[in-house]
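# What the coordinates show
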Amino acid sequence: MNKSELVDAVSNEAGLSKTDAARAVDALFNAVTSALKKGDEVRLVGFGTFAVSKRAARTGKNPRTGEEIKIAASKQPKFRPGKALKDSIA
């Protein structure tokens, strides 16, 4: 499912126009993104938790040349599914 299909599904499920559904989807994505930028977790009970994971700096190896390279520290978004989501898929 891509974003336009998600907007269509939200529009049909909630009885909204596609324009309003697109605004709602964009607002949700923006709210989650801004919370993660601040370092907050976003918990949606039954669905899951969005959080930021910190990766330490490390050395890696170029598989072609065997040369060692330094990989900088970074932050990665992560998602842990909730119990209800897991149960609905199983």
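Provided above is the structure to which this section pertains.
Residues numbered from 1 in each chain as written. Predicted model: local features only at pLDDT ≥ 70, side-chain atom pairs only at ≥ 80, totals over all residues. Heavy atoms only, no water.

### Some thoughts on the pairing of strand β3 (residues 58-61)
Successive side chains on a regular strand alternate, one facing one side of the sheet and the next facing the other. Of the strand pairs in this sheet, β3 and strand β4 (residues 68-71) are connected by four bridges, and their pairing is antiparallel. Bridge pairing in β4 links lysine 61 to glutamate 68. Taking the residues that link successive antiparallel strands as the turn, the β3-β4 hairpin has six residues, and the phi of glycine 66 there is positive, at about 80°. (Pairing = 2+ DSSP bridges. Helix = DSSP H or I, 4+ residues; strand = E, 2+ residues; numbered from the N terminus.)

### Some words on the sheet that holds strand β5 (residues 74-81)
The antiparallel open sheet is built from three strands, whose spatial order is β1-β2-β5. The outermost strands of the open sheet, each flanked by one partner alone, are β1 (42-44) and β5. Strand-to-strand twist across the sheet, computed as the mean angle between neighbouring axes with direction ignored, equals 25°. Along the sheet, helix α2 (residues 18-38) makes contact with β1 and β2 (48-55), crossing β2 at roughly 35°. (Axes fitted to C-alpha atoms, helices over the stretch in contact; angles between N-to-C directions. Contact = heavy atoms within 4.5 Å.)

### Details of the layout of surface pockets
Rolled over the atoms, a probe as big as a water molecule pinpoints where empty space is left. Of the voids in this model, the largest pocket is the one considered here, and its volume is about 160 Å³. As for the largest pocket, its lining consists of Leu6, Leu28, Phe29, Val32, Leu44, Phe47 and Phe50. Broken down by element, the lining of the largest pocket gets its largest block of residues, three residues, from α2. Looking at side-chain class alone, the lining of the largest pocket contains seven nonpolar, no polar and no charged residues. (1 Å grid on protein atoms, 1.4 Å probe; cavity = no way out; pocket = protein on both sides within 12 Å on 5 of 7 lines; lining within 4 Å. Points joined across faces, edges and corners; volume = space filled by probe spheres on them. Nonpolar A, V, L, I, M, F, W, Y, C, P; charged D, E, K, R; others polar.)

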